[in-house]
Amino acid sequence: MSKPNFHAMSQKELHDYVLAHREDREAFYAYVDKLHLEGNWIEMPALQSEQDLENYPQFIERIRSSSEPRDGAV
């Protein structure tokens, strides 16, 4: 059986593939490489307390928007 073309997959497709094929190290490394290349994360220093989160409104907004129910799910 041939492997899919990991470089042609979107980040979401590759993420889903890695979750479904956790033993596939090649897919995992391709996913990490894609994350690094796309660089769509927010970097921040380690938090010292919960109050430190107030200093990172972008991070809070991203967490809120990614945790909202989708497709009417609760």
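Being a predicted model, the structure only gives us computed values, none of them experimental.

J.: Looking at this structure, I do not really get the packing of aromatic side chains. What am I missing?
T.: The description of two aromatic rings rests on the distance between their centres and on the angle between their planes. The tally for this structure, following the rule as stated, stands at two aromatic pairs. Ring centres of F6 and Y17 lie 5.3 Å apart, and the angle between their planes is 55°; this geometry places the pair in the tilted category. With F6 in the segment before α1 (11-20) and Y17 in helix α1, this residue pair connects regions lying eleven residues apart in the sequence. When its relative accessible area of 15% is taken as the criterion, Y17 is described as buried. Pairing F28 with Y29 gives two aromatic rings, centres 5.5 Å apart and planes at 65°, and the pair type is edge-to-face.

J.: When you look at the nonpolar core in this model, what are you seeing that I'm missing?
T.: Nonpolar side chains in soluble globular proteins tend to be buried together. Core analysis: the largest hydrophobic core is formed by eight residues, namely F6, M9, L14, Y17, V18, A27, A30 and Y31. In contact with M9, not counting residues within four places along its chain, are P4, L14, Y17 and K34.

J.: Got a minute to help me understand α1 in this structure?
T.: For an α-helix, the turn length of 3.6 residues means that residues three or four places apart are oriented alike. Along α1, the residues that are buried comprise Q11, L14, Y17 and V18. Each buried residue of α1 sits inside an arc of 125° when the element is viewed along its axis, so together they form one side. Away from its buried face by more than 90 degrees, α1 exposes K12 and A20. Elements in contact with the buried residues of α1: α2 (25-38).

J.: Any chance you could explain the pattern of salt bridges here in plain terms?
T.: Pairs can form between side chains of opposite charge once their charged atoms are near each other. In the structure shown here, the tally under the stated rule is two salt bridges. Taking the shortest distance from any N to any O, the salt bridge between D24 and K3 comes out at 2.9 Å. Here K3 lies in the segment before α1 and D24 lies in the loop between α1 and α2, a separation of 21 residues in the sequence. For K3, a relative accessible area of 45% gives the class partly exposed.

J.: What's the story with the confidence of the model for the protein in this structure? I'm lost.
T.: Detailed reading of predicted coordinates is not advised where the pLDDT is low. The share of residues in the protein with pLDDT of 70 or more is 85%, and the mean pLDDT across the chain is 84. For the protein, the element scoring lowest by mean pLDDT is helix α3 (residues 57-66), at 81; α1 scores highest, at 95.

J.: Is there a simple way to explain a nonpolar patch on the surface in this structure?
T.: On the surface, F28, Y29 and V32 cluster together into a nonpolar patch covering about 290 Å² of accessible area. Positionally, F28 belongs in helix α2. Given a relative accessible area of 40%, F28 falls into the partly exposed group.

Definitions and cut-offs
Residues numbered from 1 in each chain as written. Predicted model: local features only at pLDDT ≥ 70, side-chain atom pairs only at ≥ 80, totals over all residues. Heavy atoms only, no water. Phe/Tyr/Trp six-rings, centres within 6.5 Å; stacked < 30°, edge-to-face > 60°. Helix = DSSP H or I, 4+ residues; strand = E, 2+ residues; numbered from the N terminus. Buried < 20%, exposed > 50% of the residue type's maximum accessible area, 1.4 Å probe, protein only. Core = buried A, V, L, I, M, F, W, Y, C linked by side-chain atoms within 4.5 Å. Contact = heavy atoms within 4.5 Å. Arc of directions from axis to C-beta. Salt bridge = Lys/Arg side-chain N within 4 Å of Asp/Glu carboxyl O. pLDDT = per-residue confidence, 0-100. Patch = residues over 30% accessible without salt bridge, like charges linked within 9 Å, V, L, I, M, F, W, Y side chains within 5 Å. Areas by Shrake-Rupley, 256 points an atom, 1.4 Å probe, with all protein chains shown as cover.

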